[in-house]
Amino acid sequence: QVYLVESGGGLVQAGGSLKLSCAASGRTFSNYRMGWFRQTPGKERDFVAAISRSGSDTLYADSVKGRFTISRDNAENTLYLEMNSLKPEDTAVYYCAATTYILTARSEVYNYWGQGTQVTVSS
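Each chain carries its own residue numbering, running from 1 in the direction its sequence is written. In view of the model being predicted, local features appear only for residues whose pLDDT reaches at least 70, and side-chain atom pairs are presented and counted only at 80 or more, with totals across whole chains, interfaces and linings using the full set of residues. Heavy atoms from the whole structure form the basis of all side-chain values; hydrogens and water molecules are not counted.

Colleague: What exactly am I supposed to notice about the pattern of salt bridges here?
Modeller: Think of a salt bridge as a Lys or Arg side-chain nitrogen and an Asp or Glu carboxyl oxygen that are within 4 Å of each other. In the structure shown here, the tally under the stated rule is 4 salt bridges. Between aspartate 62 and lysine 65 there is a salt bridge, and its shortest N-O distance comes to 3.9 Å. Relative accessibility decides the category of a residue: with a 1.4 Å probe and only protein chains considered, values under 20% of the type maximum give buried, values over 50% give exposed, and everything between is partly exposed. Assessed through its relative accessible area of 70%, aspartate 62 is described here as exposed. Exposure remark for lysine 65: the relative accessible area of 53% places this residue in the exposed category. When the shortest N-O distance is used, the salt bridge between arginine 67 and aspartate 90 registers 2.8 Å. Of the two residues, arginine 67 sits in the loop between β6 (58-60) and β7 (68-73) while aspartate 90 sits in the loop between β8 (78-83) and β9 (92-99), which places them 23 residues apart along the sequence. Only DSSP runs of H or I reaching four residues or more are called helices, and only runs of E reaching two or more are called strands; each is numbered from the N terminus.

Below, the structure is given as structure tokens:
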């Protein structure tokens, strides 16, 4: 198993910035493609961003492209999501996830999930 723990969530005003971290342990971090997803009450879990094993390739949801940046530090076994120009509609529980299969936006492909961290953007 690989264990994922998110941190960095909190309350921020619209237009502000926040950086989330996901610390991985248990297995070789660089073997996993990684992703960020988010979920609000009563809605399905939505894709946010994903990154390849080396960090050379990335995917972004249209709603966050140009505002969010996904990155990873394999030496530190950590995944990041830098969020800028935040909007109230970005409010959600954010989850990091890992997959052994392929770089994808499909949540069903991801094998492992963190517990989530709350991000709240006030207007």
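Additional details are given in the paragraphs that follow.
Colleague: In this structure, what is going on with the environment of glutamine 1? I would like to understand it.
Modeller: Structurally, glutamine 1 can be placed in the segment before β1 (3-7). Residues glutamine 1 and threonine 120, spaced 119 residues apart in sequence, show a C-alpha to C-alpha distance of 30 Å. Contacts between residues were defined by any pair of non-hydrogen atoms, one from each residue, lying within 4.5 Å. Among residues more than four places away in sequence, those in contact with glutamine 1 are Ser25, Gly26, Arg27 and Tyr112.

Colleague: Please clarify how the sheet that holds β8 should be interpreted in this entry.
Modeller: Strand pairing in a sheet takes place through backbone hydrogen bonds and is either antiparallel or parallel in direction. Any two strands are treated as partners once DSSP identifies two or more bridges connecting them. Strand order in this open sheet of 4 strands is β1-β3-β8-β7, and the pairing throughout is antiparallel. Of all strands in the sheet, those with a lone pairing partner are β1 and β7, marking the two edges. Sheet twist, expressed as the average angle between the axes of neighbouring strands with direction ignored, equals 15 degrees. Pairing between β1 and strand β3 (residues 18-25): 5 bridges, direction antiparallel. In the sheet register, leucine 4 faces β3, and the bridge partner there is alanine 24. The convention used is that axes are lines fitted to C-alpha atoms, helices contributing only their stretch in contact, and that angles between N-to-C directions extend from 0 to 180 degrees.

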